[in-house]
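Geometric and topological summary
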Amino acid sequence: MQDAEQHDLVGIGTGPTNLSLAALAEPVPNLSARFLDAGPEFRWHPGMMVPDAELQVSYLKDLVTTVDPTSRFSFLNYLAENGRLFRSMIANRDRCTRQEFEQYYRWVARQLPSLRWNRPVEEVRLRDDRLEAVSGRHRYSTGSLVLGTGRVPVLPGFAEPFRGAQVLHSADLLHVDPQVRGKDVLVIGGGQSGAEVVHHFLGPDTALPARLTWISSRSGFQPLDDSPFTNEWFAPDYVDHFYRLGADRRQELLRRQRLASDGITESLLEAIYRRLYQLDFLTGGPATVRHRLLTGRRAVGLERDGDRLVAAVHDQDLDRREAHPADVVVFCTGYRSALPACLDPLAGRLLNARGEYEVNRDYSLAWDGPAGVRIHVQNMSETTHGVADPNLSLAAWRSAQILNAVTGRKVYRVDHETSTTDWGGGSPHAVATPAEQPSTPRRS
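Criteria and cut-off values
Residues numbered from 1 in each chain as written. Predicted model: local features only at pLDDT ≥ 70, side-chain atom pairs only at ≥ 80, totals over all residues. Heavy atoms only, no water. Helix = DSSP H or I, 4+ residues; strand = E, 2+ residues; numbered from the N terminus. Buried < 20%, exposed > 50% of the residue type's maximum accessible area, 1.4 Å probe, protein only. Contact = heavy atoms within 4.5 Å. Lys, Arg positive; Asp, Glu negative; His and termini not counted. Charge placed at Lys NZ, Arg CZ, Asp CG, Glu CD. Pairing = 2+ DSSP bridges. Polar contact = N/O pair within 3.5 Å; in protein donor to acceptor, adjacent residues only side chain to side chain. 1 Å grid on protein atoms, 1.4 Å probe; cavity = no way out; pocket = protein on both sides within 12 Å on 5 of 7 lines; lining within 4 Å. Points joined across faces, edges and corners; volume = space filled by probe spheres on them. Nonpolar A, V, L, I, M, F, W, Y, C, P; charged D, E, K, R; others polar. Phe/Tyr/Trp six-rings, centres within 6.5 Å; stacked < 30°, edge-to-face > 60°. Lys NZ or Arg CZ within 6 Å of the ring centre and 35° of its normal. Expected span 1.5 Å × (residues − 1). Axes fitted to C-alpha atoms, helices over the stretch in contact; angles between N-to-C directions. Left-handed = near helix turned anticlockwise from the far one by under 90°. Salt bridge = Lys/Arg side-chain N within 4 Å of Asp/Glu carboxyl O.

1. Some details on the overall build of the chain
Along the chain, the regular secondary structure elements total 13 helices and 19 strands. Here the C-alpha coordinates of the chain stretch approximately 70 × 50 × 45 Å along the principal axes. Expressed as a percentage of the 444 residues in the chain, the buried residues total 50%. In the chain, 72% of the contacts between residues at least 6 apart in sequence involve partners at least 24 apart. Taking the average place of the 51 positive charges on the side chains of the chain and the average place of its 55 negative ones, the gap between the two points comes to 2 Å.

Shown next as structure tokens:
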């Protein structure tokens, strides 16, 4: 085994959040960083990269712009460097497809010397009052570890025994590529992922299912709340407000705010509705797809019936049980945060008596390790930092917060803007005055 490489910062996982951290760290003088990923290259939700799927946020919420709009790693610079800035502005306005954003992410990743691919981390341990990440024969020692391993798809326990070509989570849609032509298909979940799966199955006439049933536990197929004041929940000073609240109040707010992050974009709802109208009335004959869109339903069981499946569904409005036979069942049931298995050696020092981890305001985990040795987390703090945490909106700002904490200085400016809404500060809104200038790295 090689001697351990010494770094100021080591990141595990290189999805968009740690890619943002790597891009912001790259120009910081005298900062040694290394980012490790198990994959051979950058990929962004490849199992759900369905054609024409759009970002739910502005492309200005990229890897760097909200904290350093002069960075060469911005999305706008990517467009300019690739000779498509003007055409993009005409085609995309303030949104773009996820496919194009993945192209941008890959363009940034190719320019960052701190990234290491094919480096699965098997274990993180405490050694000589530093954290050591072990990947095969490679070892990486650091005082600051940042977890960017992403959230884990949630498949109901009753569905796990059937997981495969006929039963899958939406995260595996393109990996499994279920054959649905002429089949009965059941899609469970009324959020954005569910809508994208339904839209995908309603694609070319030559690949349509015979029957499509779409089930939502909500009262309807509800749109994303993208209104201006709601979007202030995705602004930095709301994080401070949310973090100060009690745990019960946070949970209540997250339930009430769910449509701000998991509602369906209006353009996608319109596209699905138009396609169903076309199939029902404009095909020159009977509908080519029998479809049922059911709300107020929750899947509670799954059984096999020969080569087919039968889902048990509870009708919450009429308080009765229904049986829905299908050939293919896709669960669009979301994701959860979890510490990666490589941290198991430290679990006893990271989890409280309830078996939960606790996150400090600077996104570091509370633990009893040596002073100054920290483990920061990305996309794992929704219950403490608010509804924006799993979203791309604050990715660059959160990375800047982590970098400031790691370096012990204000490398990036993170606290100079305020919301229109007063989140309990007690003073009337006013435009922020210039604050202390950060030591933002200069690029040649």
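2. Considering the pairing of strand E7 (residues 138–142)
In terms of residue burial, E7 counts as a mostly covered element, since five of its five residues are buried. In E7, alternate side chains face the same way, and those of His-138, Tyr-140 and Thr-142 on one face and Arg-139 and Ser-141 on the other are all buried. Judged from the three bridges that link them, strand E1 (residues 5–7) and E7 form a sheet pairing that is parallel. Paired with Glu-5 across the two strands is Tyr-140, which belongs to E7. With five bridges joining them, strand E6 (residues 130–135) and E7 adopt antiparallel strand pairing. Within E7, the position partnered with Val-134 by the bridge is Arg-139. Linking E6 back to E7 in an antiparallel pair, the connection comprises two residues, with Gly-136 at a positive phi of about 60°.

3. Some points on the environment of Arg-106
With respect to the element layout, Arg-106 can be found in helix H4 (residues 98–110). According to the relative accessible area criterion, Arg-106 is partly exposed, its value standing at 26%. Between the C-alpha atom of Arg-106 and that of Ala-133, which follows or precedes it by 27 residues, the distance is 25 Å. Excluding its chain neighbours within four sequence positions, the residues that come into contact with Arg-106 are Glu-41, Phe-42 and Arg-43. A polar contact of 3.2 Å, which involves the side chain of Arg-106, links it to the side chain of Glu-41. There is a polar contact of 2.6 Å between the side chain of Arg-106 and the backbone oxygen of Phe-42.

4. Some words on empty space enclosed by the protein
Evaluation of the coordinates by the stated rule reveals two cavities of 30 Å³ or more. By volume, the largest cavity is sized at about 40 Å³. Lining the largest cavity are Val-239, Tyr-363, His-385, Ala-388, Asp-389, Leu-394, Trp-397 and Arg-398. The residue inventory of the lining of the largest cavity, partitioned by class, reads five nonpolar, one polar and two charged.

5. Overview of the packing of aromatic side chains
What the rule picks out here adds up to 16 aromatic pairs. Clustering of aromatic rings is evident, with ring pairs tying together Phe-42, Trp-44, Tyr-59, Phe-75, Tyr-78, Phe-101, Tyr-104, Tyr-105 and Trp-107. Seen from the ring of Tyr-363, Arg-398 lies directly overhead, with NZ or CZ sitting 5.9 Å from the centre.

6. Quick word on H4
For H4, which comprises 13 residues, the first-to-last C-alpha distance of 18 Å matches the rise-based estimate of 18 Å (1.5 Å per residue) to within 8%. Looking at H4, one finds that the buried residues are Arg-98, Glu-100, Phe-101, Glu-102, Tyr-104, Tyr-105, Trp-107, Val-108 and Ala-109. Along its buried surface, H4 packs onto helix H1 (16–25), helix H2 (75–81), helix H3 (85–92), strand E4 (115–116) and helix H6 (192–201).

7. Here we look at the packing of H6 against helix H10 (residues 266–281)
H10 packs onto H6 with a crossing angle of 35° between their chain directions and a minimal axis gap of 10 Å. Relative to H10, H6 is oriented so that their crossing is left-handed. Mapping the contact onto sequence places Gln-192, Ala-195, Glu-196, Val-198 and His-199 in H6 and Leu-268, Ala-271 and Ile-272 in H10.

8. Things to note about the pattern of salt bridges
Scanning the model with the defined rule gives 29 salt bridges in all. For Asp-184, the salt bridge identified is with Arg-308, shortest N-O distance 3.3 Å. Pair noted here: Asp-184 is in strand E11 (residues 184–188) and Arg-308 is in strand E15 (residues 308–315), with a separation of 124 residues, a long-range link. The class of Asp-184 is buried, set by a relative accessible area of 11%. The partly exposed category is assigned to Arg-308, whose relative accessible area is 28%. Between Glu-252 and Arg-256 there is a salt bridge, with its nearest N and O atoms 2.8 Å apart. Of this pair, Glu-252 and Arg-256 are both found in helix H8 (residues 247–256), four residues apart, which corresponds to roughly one turn of the helix. Of the residues examined, Arg-256 reaches a relative accessible area of 61% and is grouped as exposed.

9. A short note on unusual backbone geometry
Look at Asp-52: it is not a glycine, yet its phi comes out positive at around 70°. Topologically, Asp-52 is positioned in the loop between strand E3 (33–36) and H2.

10. Details of the sheet that holds E1
In sheet architecture, strand pairing relies on hydrogen bonds along the backbone and comes in two forms, parallel and antiparallel. Overall, mixed pairing links the four strands, which are arranged E1-E7-E6-E5 in an open sheet. Sheet topology places E1 and strand E5 (123–127) at the edges, where each strand pairs with a single neighbour. Geometrically, the sheet is characterised by an average inter-axis angle of 25° between neighbouring strands, direction not taken into account.

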